Amino acid sequence: MSLRVFNTLTRQKEPFQPIEEGKVKMYVCGPTVYNYIHIGNARAAVVFDTVRRYLEYIGYEVTFVSNFTDVDDRLINASKERGESVPEIAERFIKAYREDVGALNVRPADVHPRATETIPEIIAFIQKLIDKGYAYEAGGDVYFRTKKFRDYGKLSHQSIDELKVGARIQVGEHKEDPLDFALWKAAKPGEIKWDSPWGEGRPGWHIECSAMVEKYLGNTIDIHAGGQDLTFPHHENEIAQSEALHGQIMAKYWLHNGYLNINNEKMSKSLGNVILVRDLIKAYDPNVVRFFILTVHYRHPINFSDDLLKSAAQSFERLRITHLNLRHRLEKSADLLEEEKEKVWTAKTDEFRRRFKEEMDDDFNTANAISVLFDVAKEANVILQDKNSSRQVLQAYLDLLDEFANVLGLTLKQDVVLDEDIEALIKRREEARKMKDFATADRIRDELKAKGVILEDTPQGVRWRRI
RNA sequence: GGCGGCAUAGCCAAGUGGUAAGGCACGGGUCUGCAAAACCCUUAUUCCCCGGUUCGAAUCCGGGUGCCGCCUCCA
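Given the structure is predicted, the values throughout are model-derived calculations rather than measurements.

The rules behind the values
- Residues numbered from 1 in each chain as written.
- Chains lettered and ligands numbered in written order.
- Predicted model: local features only at pLDDT ≥ 70, side-chain atom pairs only at ≥ 80, totals over all residues.
- Heavy atoms only, no water.
- Patch = residues over 30% accessible without salt bridge, like charges linked within 9 Å, V, L, I, M, F, W, Y side chains within 5 Å.
- Areas by Shrake-Rupley, 256 points an atom, 1.4 Å probe, with all protein chains shown as cover.
- Salt bridge = Lys/Arg side-chain N within 4 Å of Asp/Glu carboxyl O.
- Lys, Arg positive; Asp, Glu negative; His and termini not counted.
- Charge placed at Lys NZ, Arg CZ, Asp CG, Glu CD.
- Helix = DSSP H or I, 4+ residues; strand = E, 2+ residues; numbered from the N terminus.
- Axes fitted to C-alpha atoms, helices over the stretch in contact; angles between N-to-C directions.
- Parallel < 35°, antiparallel > 145°, perpendicular 65-115°, else oblique.
- Contact = heavy atoms within 4.5 Å.
- Nonpolar A, V, L, I, M, F, W, Y, C, P; charged D, E, K, R; others polar.
- Near = heavy atom within 4 Å.
- Polar contact = N/O pair within 3.5 Å; in protein donor to acceptor, adjacent residues only side chain to side chain.
- Buried < 20%, exposed > 50% of the residue type's maximum accessible area, 1.4 Å probe, protein only.

K.L.:
Give a detailed account of a negative patch on the surface, specifying residues and quantitative values.
P.N.:
A cluster of like negative charges, contributed by Glu338, Glu339, Glu340 and Glu342, occupies part of the molecular surface. Mapped onto the fold, glutamate 339 is located in helix H11 (residues 339–361).

Printed below as a string of C-alpha cells:
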C-alpha cells in the first residue's frame, strides 16, 4: 500500500506521486495577521503540519512554505480602528501566530514569506499577466480577465455562468466582468502603498500566493492546501493567475480541510462564538486540543464543545498514563529476552507499524491511526500486568508510542517533578504502609491528591503522576 | 437556482459490497489493606426512513425526511 490523497481537483483519492522522486513541494495558505488565530485556523495548521510530518516519516524530503498575509483590507481596517500602523499590527500578530501554533506543536515552515516582502515579484507577475492579455488596468486597479482563462471554475467545479449568479461589482470598481478579481488595488489617501507601473497601491489578496509559490517552489508544486472555504474564490483565482501565466498546472494535489463548528453552529463573529487558540489553551492542554482535532478525519466537519474536549482529554490521558507506567516499570526491569523471543516482539511491533502506515496512507486517516495507538497501549498494558516483563519489550513499546505520537505531533511524555516536601510525604507514607498504619497512609494520599499528585501502589513500588 | 457534505450505541468517531474499529461514559468481575491504574466480561442482529440491485449492502441505485456548508471576507 502506498499513499493516496483526496484531490479536490478530481474529487477522488489518487495515488500520490511527487513530481520529483523523493521530494515534496508543499504550500499552505497562511493567516491574515490582523487578529489572534481561532481554532478553525488551528485546525488547518495542525492538519497540514501532520501531513508534512507523515510525508517526512515515510521518507520524503518536504519543502514547506506558508505565507503571512500582512497587507490587505482587513489589516487596513484594523489599522484605522486601532490607530496603529499596518506593519505594527502585522508584526504583533505574526508573533502571536507563532506562539499559538507553536503551542500546538506545529513546526515552523521552511519559509514564511510575507506579502510585503514579495512586492517586486508580485508586480512582475501582474505585469506579465497584462502583457499576455490576462489582466487589465482600470482606474489605478488591475483586474484579472476571468473569461479569458478557459479552466476557470475547475477547482470548485462550477461553470462560469453559475459563478456569475453570485458575483457582484462593488461601487468604485472598474471591472469588465463581475467575475474579474483584483490583482492590484489603487491606494486611497492615507493607506499603506507601494509604487507600481499602475500608480500607488497594494496587491490583491490572491496574487501574493501565486507569486510566492513561483518564487519559492516553482511553476508546478506537489501539494497546495488550505481550508475548504479557500477553494473558492481564493484557490480558484490562484490557479487562474498561475496557470494563465505559466501554461502549466499550479499544483498536482489540492487538499482542503473541513470546517469546525462550535456547539453545532458555524463559528463566526456575528454569532459571537469565536474561540481563540490563545484562550483555549489556558483551559486545555494544547496536546489535548491537537489530539482532539486529529480524532476526526480532516475533510469531515468537526464539532467543538466543552464536553467533547473533556472527553478527548480523558481519552488522551489513557495514552499518557500507559506511557508513564511503561517508563516507571522500565526503571525496575531487567533484560530478560532471549533471541528467538525478541523476534516475536519485533514482529508484533512491525505489525503495528504496518497498520499505522496503512491508515495514514489512506488520505491521512488520523482517526484510525490513533486507534492503532490505543491498540499499542492496550498491548503494552497487558505486558505491564506481567510480573516478569522484559526491559527490551517495554522499551520497544515505549519507543513505538513515541514514534507514532511524534508523527501526529503529540507529546505523551510527561516529566513529573516533585517538590522536596511532596517527596518527603511520599516517603512518610511508605513507612506508614510498612507499619500497616493505613489510616496515616490514606490521609497522606488524600492530602497529596488535593495537591494534584496521584499515588498508585504497584508490586514494583509506589508510582505517581499529576492530575 | 447551481455545487457539495452529513445522518452509525448514551456521547464522540472509523468503516463505502462480505457480515459493525477505537475512545469517552455506564454496569459486573479480577487485582489491591483500601484505592488508583490496568485487565477480563457486558453494551448497535444493526448503521435516518421506504423501495430496488445482489448469493450477500451501513456500504451500490431510486425516492423521501432531517441537519449543514459553499456560490460574498473567512481555516
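K.L.:
Which residues make up the packing of helix H2 (residues 73–82) against helix H3 (residues 86–103), and what values go with them?
P.N.:
Their axes nearest at 9 Å, the elements H2 and H3 cross at an angle of 105°. Put simply, H2 runs roughly perpendicular to H3. Touching Leu75, Ile76, Ala78, Ser79 and Arg82 of H2 are Val86, Ile89, Ala90, Arg92 and Phe93, all from H3. When the residues that make up the contact of H2 with H3 are grouped by side-chain class, the tally is seven nonpolar, one polar and two charged.

K.L.:
Tell me about the protein's contact with RNA strand B, and name the residues and values.
P.N.:
Inspection of the region around RNA strand B gives 52 residues, with Trp205, Gly227, Lys266, Ser315 and Asn368 positioned closest. Counting only atoms of RNA strand B within 4 Å of the protein, the sugar-phosphate share comes to 70%. A distance of 2.4 Å is found between a sugar or linking oxygen of RNA strand B and a backbone nitrogen or oxygen belonging to glycine 227. Between RNA strand B and histidine 297 there is a distance of 2.9 Å, counted from a phosphate oxygen to a backbone nitrogen or oxygen.

K.L.:
Quick one: what's the story with unusual backbone geometry, residue by residue and with numbers?
P.N.:
Following phenylalanine 232, the chain continues into proline 233 via a peptide bond in cis, with omega recorded as 0°. Mapped onto the secondary structure, proline 233 falls in helix H7 (residues 231–246). Backbone geometry places asparagine 105, a non-glycine residue, at a positive phi of 65°. Relative to the elements of secondary structure, asparagine 105 occurs in the loop between H3 and helix H4 (119–131). With relative accessibility at 28%, the residue asparagine 105 sits in the partly exposed group. Of note in the backbone geometry, aspartate 363 takes a positive phi value of approximately 55° without being a glycine. Tracing the backbone shows aspartate 363 in the loop between H11 and helix H12 (366–385).

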